[in-house]
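Listed below, chain by chain, are the residues.
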Amino acid sequence: MHPRFAKPLDTLPAPLKAALLPMLEPEQGGEFNARFTPEQVATLKAATGLEDRALRLALLPLAAACSVAPISKFFVGAIACGLSGSWYFGANMEFAGQGLFHSVHAEQSAISNAWLGGETGISEITVNYTPCGHCRQFMNELSTAKILKVSLPDDLSALQSFLPHSFGPADLDITDALMSPQAHDELALESEDPLWQAALAAARQSYAPYSQGYAAVALQFADGRLFCGRYAENAAFNPSLPPMQMACAHAVLNGEDLATIRRAVLLESKNGQISQRDSAQSTLKALGSVELEYQAV
């Protein structure tokens, strides 16, 4: 079990703690992958007698324990409910010494965790603090934005009540939505390098209807594990989530130490109106790690 879970785990009721321990310590070794399957959710509910919302609220301290907040010291956790019935952790992430616009918000982290996990939408997101305007706008891009519920410790409301008179894809004549299936198969690469192939697969699933800047980052760590991030664009532009930030957030949720990155590659469309190269290099530099490998295809 990752050490970050020890303290919050000790604050939980004994039945919940006992049911969680085998999930936080996978039998095959490795790290908890920051998600619960429908079967695991059912196990936790049976062990505790808690219903869905109450259980997610009880689990929030574990999600918040994944936060990396060297600037704000403000630790936010989120849990996204995928349409499949799986639950996905998310936590805010900041990069010391870098502009705050590099940050990943907890809601973005949970949503991207679900998206990378194969979900095509989420039905509810549980957060320990009220979503900021940035996150409300990010969630308004989702395929399930019209039905999405936001659960807080003291409230349960539709996203639309948090964002009246909203601005979204339809205002820019876009009929697509974030988390809807993407297949940008025009992107091609000759390399057989597994890291580049992982970046290519992720870039083909990225979401960039405004700039066509389809892009992805793949990171390789000292233990050999690979983690990817896809670009997630937004109608309001600034809440867009860059692929480097998504890859870093996903790796940390899965127990990796960003100081152990050994390779980082960025693949993007050469026909896009924007580039992720400078942003990705800047973020990577903040980690004091490796040089960015880059290809535009």
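That block above? That's the structure.
These lines cover the structure that appears in this document, whether it is placed above or below. (Residues numbered from 1 in each chain as written. Predicted model: local features only at pLDDT ≥ 70, side-chain atom pairs only at ≥ 80, totals over all residues. Heavy atoms only, no water.)

Moving on, we come to empty space enclosed by the protein. Summed over all chains, the structure comprises one cavity of 30 Å³ or more. One number sums up the size of the largest cavity: a volume of about 40 Å³. Lining the largest cavity are Cys66, Val68, Ala91, Asn92, Met93, Ser109, Ala249, Val252 and Leu253. At three residues, the largest contribution of residues to the lining of the largest cavity is made by helix α9 (residues 243-253). (1 Å grid on protein atoms, 1.4 Å probe; cavity = no way out; pocket = protein on both sides within 12 Å on 5 of 7 lines; lining within 4 Å. Points joined across faces, edges and corners; volume = space filled by probe spheres on them. Helix = DSSP H or I, 4+ residues; strand = E, 2+ residues; numbered from the N terminus.)

On to unusual backbone geometry, then. Notably, His165 is not glycine yet its phi reads approximately 55°, a positive angle. Residue placement: His165 occurs in the loop between α7 (159-162) and α8 (194-203). The phi dihedral of Gln212 is positive, around 55°, even though this residue is not glycine. Residue position: Gln212 is located in the loop between α8 and β7 (215-221). Overall, the relative accessible area of 30% leaves Gln212 in the partly exposed class. (Buried < 20%, exposed > 50% of the residue type's maximum accessible area, 1.4 Å probe, protein only.)

Counting buried residues in strand β9 (residues 261-268) gives six out of eight residues, a clear majority hidden from the surface. Relative to β9, β7 is paired through seven bridges, and the arrangement is antiparallel. Bridge pairing in β9 links Phe221 to Ile261. In this sheet, strand β10 (residues 292-296) lies alongside β9 in parallel orientation, the contact comprising five bridges. Across the sheet, Leu266 pairs through a bridge with Tyr294, a residue of β10. (Pairing = 2+ DSSP bridges.)

So, to be careful, I would describe these as geometric facts and stop short of saying anything about function.
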